[in-house]
Amino acid sequence: MSNFAWISAIASLSEPALTVLAQTINASDVPDNLIYERFFPRENVDSVDLDEITTLDYRPVADRREWNQRGRLIPNKTPDTKKVSIVPVESYFKWGEYELQKLKERTLGNAAVLQQIMETSIPGKLNQLVESNYRRIELDAFSAWILGTITQKNPQTGETFAASLNYDAGRYLTAPTAWNDAGVNA
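Summarised in this report is the structure supplied together with it. Since we're looking at a predicted model, the values are computed, not measured. Throughout, residues of each chain are indexed from 1 in the direction in which the sequence is written. In view of the model being predicted, local features appear only for residues whose pLDDT reaches at least 70, and side-chain atom pairs are presented and counted only at 80 or more, with totals across whole chains, interfaces and linings using the full set of residues. The basis for every side-chain value is the complete set of non-hydrogen atoms in the structure, without hydrogens or water.

Thoughts on the packing of helix H1 (residues 15–23) against helix H5 (residues 111–147)
The angle between two axes is taken between their N-to-C directions and runs from 0 to 180 degrees, where each axis is a line fitted to C-alpha atoms and a helix contributes only its stretch in contact. Secondary structure follows DSSP: runs of H or I at least 4 residues long count as helices, runs of E at least 2 residues long count as strands, and numbering of each begins at the N terminus. Where H1 meets H5, the axes come as close as 10 Å, and the angle between the chain directions of the two elements is 50°. Our classification of the angle between H1 and H5 gives oblique. In this structure, the crossing between H1 and H5 has a hand that is right-handed. On H5, the residues that touch Leu-18, Leu-21 and Ala-22 of H1 are Ile-122, Pro-123, Leu-126 and Val-130. The class makeup of the residues in the contact of H1 with H5 is seven nonpolar, no polar and no charged. In what follows, roughly perpendicular refers to angles from 65 to 115 degrees, roughly parallel to angles under 35, roughly antiparallel to angles over 145, and oblique to any angle outside these ranges. Each crossing is labelled by how the near helix is turned from the far one, with a counterclockwise turn of less than a right angle marking it left-handed and a clockwise turn marking it right-handed. Note on contacts: a residue pair qualifies if any of its non-hydrogen atoms lie within 4.5 Å across the two residues. Under the grouping applied here, Gly and all other residues not named as nonpolar or charged are polar, the nonpolar ones being Ala, Val, Leu, Ile, Met, Phe, Trp, Tyr, Cys and Pro and the charged ones Asp, Glu, Lys and Arg.

Here it is in structure tokens:
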């Protein structure tokens with residue numbers, strides 16, 4: 001058997017089984033006490049394009065019309081955004097040459113013990129991956145909320161683009177810092 005051919009023979013470590021296991025992990029089960037879902041509840045949408053799923057608090061008013069004439073056209077209002085698409089969040093781990101060498105050293109080359117260590121550690125590593133994905137979503141959600149921008153990164157080039165949510169500058173309150181005021185003594 002090759003180094004990883006045995007994994008496909010174990011039903012609990014098959015790709016479908018690990019996918020189902022990953023999907024059962026809820027953000028509220030992450031030990032870091034993630035709170036983004038309290039402020040940003042999940043909602044199914046039909047598109048990954050931000051300008052198609054985002055609307056403003058837009059309250060148009062109808063108008064009176066003459067008899068037998070058309071009424072006032074109420075256009076769809078969407079925020080002024082660039083073409084930003086939501087891209088997938090993914091993380092992975094690997095057992096490369098170095099990691100396998102360290103495992104072989106720990107097991108003194110015993111293939112059965114090596115296999116057992118790898119088999120028992122995969123579900124734990126899967127939990128770490130899912131938790132790190134949830135942390136990325138929380139970081140993105142609060143960064144957008146606090147900074148008023150959504151930063152999108154091109155995975156191939158590493159370039160970033162920031163789309164503004166056009167928050168009013170008056171929304172940000174600035175308080176004087178006590179340590180800069182000689183009249184205030186902590």
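Points about the nonpolar core
Side-chain atoms within 4.5 Å are what join buried Ala, Val, Leu, Ile, Met, Phe, Trp, Tyr and Cys residues into a set we call a nonpolar core. When accessible area is computed with a 1.4 Å probe and restricted to protein chains, residues below 20% of their type maximum are described as buried, those above 50% as exposed, and intermediate ones as partly exposed. By size, the foremost hydrophobic cluster in this structure holds 21 residues, and its most contacted members are Leu-13, Tyr-36, Trp-95, Met-118, Ile-122 and Tyr-134. Only H1, helix H4 (97–106) and H5 provide two or more residues apiece to this core. Per-element tally for this core: the top contributor is H5, with eight residues.

Notes on the pairing of strand S1 (residues 149–153)
Two strands form a pair only when DSSP identifies at least two bridges running between them. As paired strands, S1 and strand S2 (residues 160–164) are joined by five bridges and run antiparallel to one another. By the bridge assignment, Gln-152 is partnered in S2 with Phe-161. Between S1 and S2, which pair antiparallel one after the other, the connecting turn spans six residues, and Gly-158 there sits at a positive phi close to 80°.

Observations regarding the packing of aromatic side chains
When two rings of Phe, Tyr or Trp (its six-membered ring) have centres within 6.5 Å they constitute a pair, described as stacked for plane angles under 30 degrees, edge-to-face for angles over 60, and tilted for the intermediate range. The final tally for this structure, using the stated rule, is five aromatic pairs. With a centroid separation of 5.8 Å and an interplanar angle of 75°, the aromatic rings of Phe-39 and Phe-142 are classed as edge-to-face. In this pair, Phe-39 sits in helix H2 (residues 36–39) while Phe-142 sits in helix H5, placing the two residues 103 residues apart along the sequence. Residue classification places Phe-39 among the partly exposed positions, given a relative accessible area of 44%. Among the aromatic residues, those joined into a ring-pair cluster are Phe-39, Phe-40, Phe-142 and Trp-145. Any Lys NZ or Arg CZ found within 6 Å of a ring centre and within 35 degrees of that ring's normal is scored as a charge over the ring. Directly above the aromatic system of Phe-93 lies the positively charged group of Lys-125, at a separation of 5.2 Å from the ring centroid.

In short, shape yes, function no, at least from these values alone.
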